[in-house]
Amino acid sequence: MTPVADTHGPVRRTLTFVAVLFTLLCLARSGLEEPMLWLLFAIFIGVATVWIRGQYADSLDGRQWVIPYWVGIPVSVLAAGLVSLLFVQGRGTADKGLLGISGLVLLFLAAGSWLTHVRQRPSVRLPGRHVRTGHYGAYLTVIGLALVVAGAALLGPARQVLIGALILGAGLFLLVPVGLALWSEGILRWLCEHDVAPARLWSLGAAGLLVFAGGTTAAVYASNSRWLTVVLVILGLLVAALVSTTQADIVTVTAVIALMGVTPAPATETGPPDLTHRERKVLVALGDSFMSGEGAQVYYRGTDEGGGNECRRSPTAWVVTAAQDRAHFDGLKFVACSAARTQNLLPEHGSSFYVAMKPGRIDMPKPERQRGEAHTQLDAAHGPFTPAMVVLSIGGNDAGFSTIGLMCLAPGDCRQERRLWLDSVPQLREQLRVTYREVNRAFPNVPVVVVPYPDPIKVRRQQCDQVALSENEQRFIHEYLTGSLNATIRDTAREFRFHYLAEMQEALVAPHLQLCDERNGDRPGINFIGLRSVRGLADQRFNPANWLHSSLHPNERGHAAMLRVFETWMAEHPQPIPPRVRPQPGEPVGLPLGNREPKQKAPCDLFDTTRADGCRPQGQEWAFQQVGRVLLDDLLWLWLAVACAGAWAAAIAFFASRRRVWAARTDAAGTPAAGSPPLPRHPDRRSSGALPAPPLR
């Protein structure tokens, strides 16, 4: 007896998947309890598995269900309207971002259904003729690869970063995936129709795996990064998903976005308690992310809002714990903020800022509040309390350290561009003098302790699996941080007689918490790649650009080590600590006026973020150019294509063999008729809609 096809099963499975997906997206927000989160995610994976399995089973006869045109067209129009909300100016309502993300997901699902429909057609109608679907997919794949090479050429030698990135992205993320999916279906049909022997399919699969391994090895050698192995394995799995005639790629992407959009619960407190006139020994914390606690698991409520206040003040920051030492302090004024530069400390009114400006220079950064903050840090640091000590960590963002990290993560050797940053140190010193003068003016009789940045990497000759950096790049980061950035901070602090906590530079060394220290058991005190989303609106939480903010920042272990250094320093100094360090014999007495000129002209401007002579724009452009150069000069694009071709061949062999098994079983059951090909050819089904309904089974 011939089994009756379940025509409603695909619809039920699809609607269930969509419902669970949007439930996960709606609940993927801060404050969700972790057990409930993992339960919901497990339900999503289970439903997605059933959905994909159903698609695969339905695809074996070449007549997989797709969204009907009378549903697909209005859904696509609605989705496009929702996506447009992401580009509306202003924050709007809290639902605006979620609606926009939902629109993107709907468009993704509709596009996947449309692609499935096209795969089931034996030919595609082009102006003037019909082209077999497989041939059309091959054309798109070749054109996509050509765009990848052209985009790489524009990124690298031509130095057209924006145009090159757009062309490369169009080829890599649009034409190549669509082309591969259509081409794969044509190859699968041909293999099944010609009844290729199982032994040949096994040989094709084995050869594909060997080609994938060889291409991966060559790509890793060309890029000099073993981390590329993981990327290529994931890429190979996505290629297999494209071959499978299912929407497994959609499940993978949406699952990653949904999971990364979940942020840990914030600290239960809103921050350190407000201070009153009763506090006589308050610790004042000024500075950037190394003081605020960036890199931790949790932050105080309201300080990790994507698109809003992103100061990311953490209750596990070392300064928070240090302020709990009642022998020295009875309160904390915590105004340090992630991404802070010297201009974010300067008072907005009543400042001696312009006195120190270099004559003729009009582009020095002016006092500026950070987003979500009501005041600059020095303006916010005052109150009815009595400060007992000021701890200050600033200068890294002015020096462009984040851009240096980007350059070193990019292909190529960032040490070759070290003069870009080393020769700009005088500008950093000049800006630090302006800032230190204002700190000295705001806290004239309070000890000011300047805190350097801890050395993050132990330089090793061997390959280090904890970082994707060569030995030269590790050495450059170490030398720049210790020999240039921290040295400049130290010398400028001494000009103002501030205390300098020199031991903080080695805070991660003694406890073996540096990256690449083989004795930390793969648990360093600093994050190399820290994946963590942000709180706030959905378009911020689900934005991949906001997932790496914890990278290259101390974690809880690192801040605990920094705390021990501070406590040791406090114990070694007699109390009360004098407001300023006494000059050594032979040192000049008095504060500098801040009008010392650099001895040489810098090759770029540290504080210019718009013009071509800015250090940061030049560094970012160099990083993108290296991507283009390594793709072309080292033939990385070729080895990536070879690896993907190997994964594609192995997937073709696997799914072709599975279709043969299905055909044999249906033949044994008497369906279809004897002598028919394992995979039936279907007539060209035409429709007036973009997402036509398939014929009834």
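Since this is a predicted model, take the numbers as computed values, not measurements. (Residues numbered from 1 in each chain as written. Predicted model: local features only at pLDDT ≥ 70, side-chain atom pairs only at ≥ 80, totals over all residues. Heavy atoms only, no water.)

## Some thoughts on the overall build of the protein chain
So, step 1. Counting secondary structure elements, the protein chain contains 20 helices and nine strands.
So, step 2. In the protein chain, which comprises 697 residues, the share counted as buried stands at 51%.
So, step 3. The contacts of the protein chain with a sequence gap of at least 6 include a subset with a gap of at least 24, amounting to 79%. (Helix = DSSP H or I, 4+ residues; strand = E, 2+ residues; numbered from the N terminus. Buried < 20%, exposed > 50% of the residue type's maximum accessible area, 1.4 Å probe, protein only. Contact = heavy atoms within 4.5 Å.)

## Describing unusual backbone geometry
So, step 1. Gln575 connects to Pro576 through a cis peptide bond whose omega is -5°.
So, step 2. In this structure, Pro576 sits in the loop between helix H18 (556-572) and helix H19 (615-633).
So, step 3. Despite not being glycine, Ala339 shows a phi value in the positive range, around 70°.
So, step 4. Tracing the sequence through the fold places Ala339 in the loop between strand E5 (331-334) and helix H12 (377-380).
So, step 5. Residue Ala339 is classed as partly exposed on the basis of its relative accessible area of 47%.

## A look at H19
So, step 1. Over its 19 residues, H19 extends 25 Å from the first C-alpha to the last, a length consistent with the 27 Å expected when each residue adds 1.5 Å.
So, step 2. Residues of H19 that are buried: Cys615, Arg616, Pro617, Gly619, Trp622, Ala623, Gln625, Gln626, Gly628, Val630 and Leu631.
So, step 3. Leu635, located one to two residues past H19, shows a positive phi value of around 55°. (Expected span 1.5 Å × (residues − 1).)

## As for the sheet that holds strand E7 (residues 448-450)
So, step 1. One open sheet holds the five strands; their spatial order is E5-E3-E6-E7-E8, and the pairing between them is parallel. Bordering the open sheet on either side are E5 and strand E8 (499-500), each of which pairs with just one other strand.
So, step 2. When E7 meets E8, the two strands line up parallel, connected through two bridges. Bridge assignment links Val449 to a residue of E8, and that residue is His499. (Pairing = 2+ DSSP bridges.)

## Structural notes on the packing of aromatic side chains
So, step 1. Evaluation of the coordinates by the stated rule reveals 13 aromatic pairs.
So, step 2. For the pair Phe476 and Tyr480, a centre-to-centre distance of 6.1 Å together with 40° between the ring planes defines the contact as tilted. Of the two residues, Phe476 and Tyr480 are both situated in helix H16 (residues 471-495); the distance of four residues between them amounts to about one turn of the helix.
So, step 3. Judged by relative accessible area, Phe476 falls into the buried class, the value being 4%.
So, step 4. The class for Tyr480 is buried, based on a relative accessible area of 3%. (Phe/Tyr/Trp six-rings, centres within 6.5 Å; stacked < 30°, edge-to-face > 60°.)

## Describing the environment of Glu279
So, step 1. Within the secondary structure, Glu279 sits in the loop between helix H9 (248-260) and strand E3 (282-287).
So, step 2. For the pair Glu279 and Asp330, spaced 51 residues apart in sequence, the C-alpha separation works out to 6.1 Å.
So, step 3. Setting aside residues no more than four positions away along its own chain, Glu279 makes contact with Asp330, Phe385 and Thr386.

## A word on the pairing of E3
So, step 1. Among the six residues of E3, six are classified as buried, and the element is accordingly described as predominantly covered.
So, step 2. Note that E3 and E5 share four bridges and pair parallel. Within E5, the residue paired with Leu283 across the bridge is Leu332.
So, step 3. In terms of strand pairing, E3 meets strand E6 (residues 387-393) through six bridges, oriented parallel. Paired with Leu286 across the bridge in E6 is Leu392.

## With respect to the state of the cysteines
So, step 1. Overall, the coordinates contain two disulfides when judged by the stated rule.
So, step 2. Disulfide pairing places Cys408 opposite Cys414 at an S-S distance of 2.0 Å. Linking Cys408 and Cys414, the disulfide has an S-S dihedral of approximately 80° and is accordingly described as right-handed. This pair shows no difference in class: Cys408 is buried, exactly as Cys414 is. (Disulfide = S-S within 2.5 Å.)

## Section: the nonpolar core
So, step 1. In terms of nonpolar packing, the biggest core is built from 58 residues, with Leu286, Trp421, Tyr436 and Phe443 touching the most fellow members.
So, step 2. Top element by residues in this core is H16. It accounts for seven residues.
So, step 3. Those residues within four positions of Trp421 in sequence are excluded, and the remaining contacts are Ala399, Gly400, Thr403, Ile404, Met407, Phe476, Tyr480, Leu606, Cys615 and Arg616. (Core = buried A, V, L, I, M, F, W, Y, C linked by side-chain atoms within 4.5 Å.)

## Some details on the pattern of salt bridges
So, step 1. By the definition in use, this model includes 15 salt bridges.
So, step 2. The salt bridge partner of Arg312 is Glu310, with a shortest N-O separation of 2.9 Å.
So, step 3. With relative accessibility at 24%, the residue Glu310 sits in the partly exposed group.
So, step 4. A salt bridge links Arg415 to Glu479, with the shortest nitrogen-to-oxygen separation between them at 3.8 Å. Of the two residues, Arg415 sits in the loop between helix H13 (401-409) and helix H14 (419-422) while Glu479 sits in helix H16, which places them 64 residues apart along the sequence.
So, step 5. Residue classification places Arg415 among the partly exposed residues on the basis of a relative accessible area of 23%.
So, step 6. One network of salt bridges, with partners in common, ties together Arg119, Glu185, Arg189 and Arg659. (Salt bridge = Lys/Arg side-chain N within 4 Å of Asp/Glu carboxyl O.)

## Points about the pairing of strand E2 (residues 129-132)
So, step 1. In this structure, strand E1 (residues 123-126) lies alongside E2, joined through four bridges in antiparallel fashion. Each bridged residue has a counterpart across the sheet, and for Arg125 the counterpart in E2 is His130.
So, step 2. In this antiparallel pair of consecutive strands, E1 and E2, the connection spans two residues, and Gly128 shows a positive phi of 90°.

## Considering the packing of H13 against H16
So, step 1. Where H13 contacts H16, the two axes come as close as 11 Å, and the packing angle between them is 170°. With respect to each other, H13 and H16 are oriented roughly antiparallel. Counting all contacts with H13, which are made through Phe401, Ile404 and Cys408, the residues of H16 involved are Glu473, Phe476, Ile477, Tyr480 and Leu481.
So, step 2. Of the residues that constitute the contact of H13 with H16, the class distribution is seven nonpolar, no polar and one charged. (Axes fitted to C-alpha atoms, helices over the stretch in contact; angles between N-to-C directions. Parallel < 35°, antiparallel > 145°, perpendicular 65-115°, else oblique. Nonpolar A, V, L, I, M, F, W, Y, C, P; charged D, E, K, R; others polar.)

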